[in-house]
Amino acid sequence: IDLSVSWLGQTMPGCLYNASGVWCREEAELEAVRTSAAAAVISKSATLSAREGNPEPRYHRTALGSINSMGLPNHGFAYYLDYARRYDYGCGKPLFLSLSGMTLDDNLIMLRTLAAAGLPAIPEVNLSCPNVPGKPQLGYDFVTTTEALNAFDRAWPGRYGVKLPPYFDPAHFAAMADILNRHPRLAFVTCINSIGNGLVVDVDSESVTIKPKDGLGGLGGDYVLPTALANVREFYRLLPGKDIVGCGGVKSGKEAFMHILAGARAVQVGTCLHHEGPAAFARIAAELAALMLAKGYRSLEAFRGKLRTL
Ligand code: RRO
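First things first, this report covers the structure right here in the doc. Everything numeric in this text was worked out from a predicted model, so none of it was measured.

**Here we look at the sheet that holds strand β11 (residues 195-199)**
Moving on, step 1. In space, the 4 strands of this open sheet follow the order β5-β6-β14-β11, with antiparallel pairing throughout. This sheet does not close on itself; its edge strands, each paired only once, are β5 (59-62) and β11. Strand-to-strand twist in this sheet, taken as the mean axis angle between neighbours without regard to direction, amounts to 40°.
Moving on, step 2. Bridge analysis of strand β6 (residues 65-68) against strand β14 (residues 216-221) gives 4 bridges, and the strand direction is antiparallel. Residue pairing in the sheet places I67 in a bridge with L219 of β14.

**Some details on the layout of surface pockets**
Moving on, step 1. One number sums up the size of the largest pocket: a volume of about 870 Å³.
Moving on, step 2. Along the wall of the largest pocket there are 50 residues; nearest its centre are V22, Y59, N68, G270 and T271.
Moving on, step 3. Among the elements of the structure, β5, β6, β14, β16 (264-269) and α8 (271-276) are those that each provide at least two residues to the lining of the largest pocket.
Moving on, step 4. Tallied by class, residues from the lining of the largest pocket come to 19 nonpolar, 22 polar and 9 charged.
Moving on, step 5. Space inside the second largest pocket adds up to approximately 380 Å³.
Moving on, step 6. In this structure, the second largest pocket is lined by 20 residues; those nearest its centre are G101, M102, K135, P136 and L138.
Moving on, step 7. Every element with two or more residues in the lining of the second largest pocket is listed here: α3 (104-117) and α4 (142-155).
Moving on, step 8. It is α4 that provides the largest number of residues to the lining of the second largest pocket, a total of 3 residues.
Moving on, step 9. In the lining of the second largest pocket, the residues fall into 9 nonpolar, 8 polar and 3 charged.

**Side note on the site of the ligand**
Moving on, step 1. Around the ligand, the neighbouring residues are K44, N68, M70, G71, L72, P73, N126, C129, P130, N131, N193 and S194.
Moving on, step 2. M70 places a polar main-chain atom, nitrogen or oxygen, 3.1 Å from an oxygen atom of the ligand.
Moving on, step 3. N131 places a side-chain nitrogen or oxygen 2.8 Å from an oxygen atom of the ligand.
Moving on, step 4. A total of 320 Å² of accessible area belongs to the ligand in isolation, and the protein chains cover 92% of it.
Moving on, step 5. Put simply, the ligand lies in the largest pocket.
Moving on, step 6. Looking at side-chain class alone, the shell around the ligand contains 5 nonpolar, 6 polar and 1 charged residues.

**Some remarks on the sheet that holds strand β15 (residues 243-247)**
Moving on, step 1. Pairing is parallel in the open sheet, where 8 strands are placed in the order β3-β16-β15-β10-β9-β8-β7-β4. Every interior strand has two partners, whereas the edge strands, β3 (16-18) and β4 (41-42), have only one.
Moving on, step 2. In this structure, strand β9 (residues 160-164) lies alongside strand β10 (residues 186-191), joined through 5 bridges in parallel fashion. In the sheet register, Y160 faces β10, and the bridge partner there is L186.

**So, the environment of I195**
Moving on, step 1. Residue placement: I195 occurs in strand β11.
Moving on, step 2. You can call I195 buried: its relative accessible area is 16%.
Moving on, step 3. On a C-alpha basis, the gap between I195 and P166 in space is 6.3 Å, while along the polypeptide they are 29 residues apart.

**A short note on the packing of helix α2 (residues 77-86) against α3**
Moving on, step 1. Orientation of α2 relative to α3, taken along the N-to-C sense of each, is 20°, at an axis distance of 11 Å. The angle between α2 and α3 places the two elements in the roughly parallel class. Once α2 is placed against α3, the crossing between them reads as right-handed. The residues of α3 that touch α2, namely those facing F77, L81 and R85, are M110, T113, L114 and A117.
Moving on, step 2. Classifying every residue of the contact of α2 with α3 by side-chain character gives 5 nonpolar, 1 polar and 1 charged.

Thresholds applied
- Residues numbered from 1 in each chain as written.
- Predicted model: local features only at pLDDT ≥ 70, side-chain atom pairs only at ≥ 80, totals over all residues.
- Heavy atoms only, no water.
- Pairing = 2+ DSSP bridges.
- Helix = DSSP H or I, 4+ residues; strand = E, 2+ residues; numbered from the N terminus.
- Axes fitted to C-alpha atoms, helices over the stretch in contact; angles between N-to-C directions.
- 1 Å grid on protein atoms, 1.4 Å probe; cavity = no way out; pocket = protein on both sides within 12 Å on 5 of 7 lines; lining within 4 Å.
- Points joined across faces, edges and corners; volume = space filled by probe spheres on them.
- Nonpolar A, V, L, I, M, F, W, Y, C, P; charged D, E, K, R; others polar.
- Near = heavy atom within 4 Å.
- Polar contact = N/O pair within 3.5 Å; in protein donor to acceptor, adjacent residues only side chain to side chain.
- Areas by Shrake-Rupley, 256 points an atom, 1.4 Å probe, with all protein chains shown as cover.
- Sits in = over half its atoms within 2 Å of the grid points.
- Buried < 20%, exposed > 50% of the residue type's maximum accessible area, 1.4 Å probe, protein only.
- Parallel < 35°, antiparallel > 145°, perpendicular 65-115°, else oblique.
- Left-handed = near helix turned anticlockwise from the far one by under 90°.
- Contact = heavy atoms within 4.5 Å.

Laid out in structure tokens, this is it:
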């Protein structure tokens, strides 16, 4: 069974890697992902200056997944750029840098600085952080997203990607796809970020479970799988020539298979990685290979995007 993926001009040893935000804030975590069975590495969304993030508790595990309002805790762009300068690109696992500037100008400064560094690292610009109080998710504002992508094109000369929030209406899929299709160097979209501003309630204490935003936070895990699959499949159909990275609800080979069937080129693991650690990559890859063997598929190309309709 061949789990390798041709993407962005190279061949990755597999299709799985971490979702930005999970196991990627510290260099030791990034290296633990790189040296695991993951096929690529992405860093925690960076802001221009380091941030402590929101007050704790800011992450809560439930039987069905997770809720978080981390609030963009990160070491600042320079830390992740320094990691990118020292990264072992020869390991065959692409390095993605997630960028989530507090302003458009901050994103442009980070993109220009990364461009000037001349590294093979690829930016994934986060248009969908749901957890900074007072800051709406960029991807829900089509005018601001249009302006941002036009500016990214001028600041960054290479291929790049964006991390999208989940959409819930065909009109929004179509409107966003029209915007994204105007940018040929936008090579991939990652669908989806957490479902923003959910509320998990604890019955015993009659309380919210995380402190920021009076308990509102982004949902991950089982809660989001069907929404993630809808976003992957719809953008796969609407964005010819671009790649879709599936993210949402992957905890075994089965969900990874579903994402690829819906059209995903690569698959990120978030909540499950948070709960299980980087050993999750080898387990999920083995389960995916076993499922493919049982179905008679020898490569991911054999079934990517081939989801049947009735
Ligand atoms: O740090 C966070 O609170 C966070 C971010 Br930037 C994001 O994009 N998605 C998320 O669920 N949490």
